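# Tertiary structure, described
Given next are the chains, with one letter for each unit.
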Amino acid sequence: MRRYTDILTKLADSGNLRSIPADSTARTDLLDFSTNDYLGLAARADLQEEFYAQEGALTIPLTSSASRLLASTQRHYEELENLLTDLYGRPALLFNSGYHANIGLISALAEGSTLILADRLVHASIIDGMVLSKARFMRFRHNDVAHLEQLLRRNAAEYDRVLIVVESVYSMDGDTSLLEEIAALRHSTPNALLYVDEAHAVGVCGPTGLGVCHGTSWYDDVDILVGTFGKACASMGAFCAVSDKALRDFALNRSRSFIFSTALPPLNAAWTSFILRHIVEMNTERTHLRQLSAQLASSLAPILPAQLTPSHILPVIVGSADKALALSRALLDHDIKVLPIRTPTVPPGTERLRISLSAGMTSADITRLSSALTSLHNSSL
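Below, the structure is looked at part by part. Keep in mind that what you see is a predicted model, and the values were worked out from it rather than measured. Numbering of residues begins from 1 in every chain and follows the order in which that chain's sequence is written. Whole-chain, interface and lining totals are the exception, using all residues; otherwise, since this is a predicted model, local features are given only for residues with pLDDT of at least 70 and side-chain atom pairs are given and counted only at 80 or more. For the side-chain quantities, the full set of heavy atoms in the structure was used; hydrogens and water were omitted.

### Observations regarding empty space enclosed by the protein
Any space left empty among the atoms is revealed by the rolling of a water-sized probe across them. Note the cut-off: Any residue with an atom within 4 Å of a point lines the site, the site being either a cavity, points on a 1 Å grid over the protein atoms alone where a 1.4 Å probe fits but cannot get out, or a pocket, an open set with protein on both sides within 12 Å along at least 5 of 7 lines. Grid points are joined across faces, edges and corners, and a volume is the space filled by probe spheres set on the points. Note that Gly is not counted as nonpolar here; it falls among the polar residues with everything else outside the nonpolar set of Ala, Val, Leu, Ile, Met, Phe, Trp, Tyr, Cys and Pro and the charged set of Asp, Glu, Lys and Arg. Under the scheme used here, helices are H or I runs from DSSP no shorter than 4 residues and strands are E runs no shorter than 2 residues, and both carry numbers assigned from the N terminus.
Scanning all chains against the criterion turns up two cavities of 30 Å³ or more. Put simply, the largest cavity is a space of about 90 Å³. Lining the largest cavity we find Arg68, Tyr77, Leu94, Phe95, Asn96, Ser257, Phe258, Ser261, Ala263 and Leu264. Its residues assigned to classes, the lining of the largest cavity comprises six nonpolar, three polar and one charged. Its volume calculated, the second largest cavity comes out at about 40 Å³. As for the second largest cavity, its lining consists of Tyr77, Leu80, Leu94, Phe229, Met236, Leu264, Asn268, Ala269 and Thr272. Mapped by element, the contributors of at least two residues to the lining of the second largest cavity are helix 3 (75–88) and helix 10 (266–279).

Structural data, given as structure tokens:
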């Protein structure tokens, strides 16, 4: 036990010791910029009432009691997968979370003679999937298409397949991948597959909220698209939408996180289907969210000129864990919750506050946050 205690002590000394934050839902005065409820749907009582008013909603099972391959109740999962297939125009498969999707899909797809080329800033779940695959992997510089092209040119011919892995919207920086250029590289590389994690884009991006890729001229060059329901969709779980039925069948048979996990509750799948049908019509909420993003980026430009990309995710990089903690605590004194993001979630020296916006917020909320941040910056906190 001494070893573990020593590690915890070192984490505390470096400002990187984590703990679960206290419940803050009772604080009606608190502005929360730390959740991923991008469309503001999690607290929409009207949607919950409409869902439960549907015939049979109150009797949908609260547990699957088994993995998907053994569960008795399948109807609600199938309805959600069929809806996703209709929306994305390709076969879909459900997973319990984005983490389950990424570790299961990547470790399965990278079987045999496979090289994985991943953006330097991809999520930890993708990294874990690469490690579990035991395939060779290389990281290209963030959003550096020329570096990716160089790695493809030097290495692709040595492998049966190359799996290119990126996010569409990066979870810690809020910037968007150069997907059209990356898709062109995949198109010109005969043995390449393109894997795009759209966790932070589903619900928010695209004309119907289906993400960055859907509906583009290069959509057919995206082989595996992953999305989640626990963020803008105000639910839980994840999915892949793949370019070929064989890929779906392969994932079903080889993704260990799918095969060996108890499935999500059927109630959860039914709620997700209900929410998705609403989300594709929520252009007003998406427009409002973009306006809030532009307002915040503009108001913080004088104090953070080199960091800003207008997005529903905005990082305030302070460079150390202690500074991130201090700034978060100072904002809490202003009744504003923005939690610190520290190593290893982000590289050392890029510790930050990660501001997450929601369509449930107002312009006045953004003004309140930017005024507090500007005041704290000017006081040299």
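### Overview of unusual backbone geometry
Our working rule: Burial classes follow relative accessibility: with a 1.4 Å probe on protein chains only, a residue under 20% of its type's maximum area counts as buried, one over 50% as exposed, and anything between as partly exposed.
Following Thr343, the chain continues to Pro344 via a peptide bond in cis, the omega torsion being 10°. Following the sequence through the fold, Pro344 ends up in the loop between strand 11 (340–341) and strand 12 (352–356). Even without being a glycine, Asp335 presents a positive backbone phi close to 60°. Under the relative-accessibility criterion, Asp335 is labelled partly exposed at 25%.

### Concerning the pattern of salt bridges
We apply this condition: Here, a salt bridge means any side-chain nitrogen of Lys or Arg that lies within 4 Å of a carboxyl oxygen of Asp or Glu.
Within the structure shown, the criterion is met by 13 salt bridges. When the shortest N-O distance is used, the salt bridge between Arg44 and Asp46 registers 2.8 Å. Here Asp173 makes a salt bridge to Arg352, at a shortest N to O gap of 3.3 Å. In this pair, Asp173 is assigned in the loop between strand 5 (161–167) and helix 7 (179–187) and Arg352 in strand 12, connecting sequence segments 179 residues apart. Overall, Asp173 belongs to the partly exposed group, its relative accessible area being 21%.

### Points about the nonpolar core
The test is simple: Buried residues of nine kinds, namely Ala, Val, Leu, Ile, Met, Phe, Trp, Tyr and Cys, make up a nonpolar core once their side-chain atoms join them within 4.5 Å. The contact definition used throughout considers only heavy atoms, calling two residues in contact when any of these lie within 4.5 Å.
With 115 residues, the main nonpolar core has Phe33, Leu105, Ile224 and Ile355 as its most contacted residues. Examining the composition of this core, we find that eight residues originate from one element, helix 10, more than from any other. Setting aside chain neighbours within four positions, we find Ile355 in contact with Phe33, Leu296, Leu300, His312, Ile313, Leu314, Val316, Val338, Leu369 and Leu373.

### A closer look at the layout of surface pockets
The calculated volume of the second largest pocket comes to roughly 460 Å³. In this structure, the second largest pocket is lined by 17 residues; those nearest its centre are Leu30, Asp32, Thr35, Asp37 and Ala43. Residues belonging to the lining of the second largest pocket are distributed by class as follows: six nonpolar, eight polar and three charged.

### Regarding the environment of Leu331
Structurally, the position occupied by Leu331 is in helix 12 (residues 321–333). By relative accessible area, which is 0% here, Leu331 ends up buried. Put simply, Leu331 and Leu373 are 42 residues apart on the chain and 7.5 Å apart in space, counted from C-alpha to C-alpha. Setting aside chain neighbours within four positions, we find Leu331 in contact with Ile336, Val338, Leu353, Ala372, Leu373 and Leu376.

### A few points about a nonpolar patch on the surface
The condition that has to hold: Note that patches include only residues with greater than 30% relative accessible area and no salt bridge, and the join distances are 9 Å for like charges and 5 Å for nonpolar side chains (Val, Leu, Ile, Met, Phe, Trp, Tyr). Under the convention used here, a 1.4 Å probe and the Shrake-Rupley method define accessible areas, while residue burial counts only the protein chains that appear.
Residues Met1, Tyr4, Ile7, Leu8, Leu11 and Leu17 make up a contiguous nonpolar surface patch of about 620 Å² in total accessible area. Among the structural elements, Tyr4 can be located in helix 1 (residues 2–13).

### Digging into the sheet that holds strand 5
As a reminder, the rule being used: Any two strands with at least two DSSP-identified bridges between them are counted as paired. The axes used here are C-alpha line fits, helices contributing only the stretch in contact, and every angle between their N-to-C directions lies in the interval 0 to 180 degrees.
Strand order in the open sheet formed by seven strands is 2-8-7-6-5-3-4, and the pairing between neighbours is mixed. At either end of the open sheet lies a strand with only one pairing partner, and these are strand 2 (92–95) and strand 4 (136–140). Taking each pair of neighbouring strands and ignoring which way they run, the sheet shows an average axis angle of 20°. Here three bridges tie strand 6 (residues 192–197) to strand 7 (residues 224–228), and the two strands are oriented parallel to one another. Bridge pairing in strand 7 links Asp197 to Val226. Contacting strand 5 and strand 6, helix 7 crosses the sheet at an angle of about 155° to strand 6.

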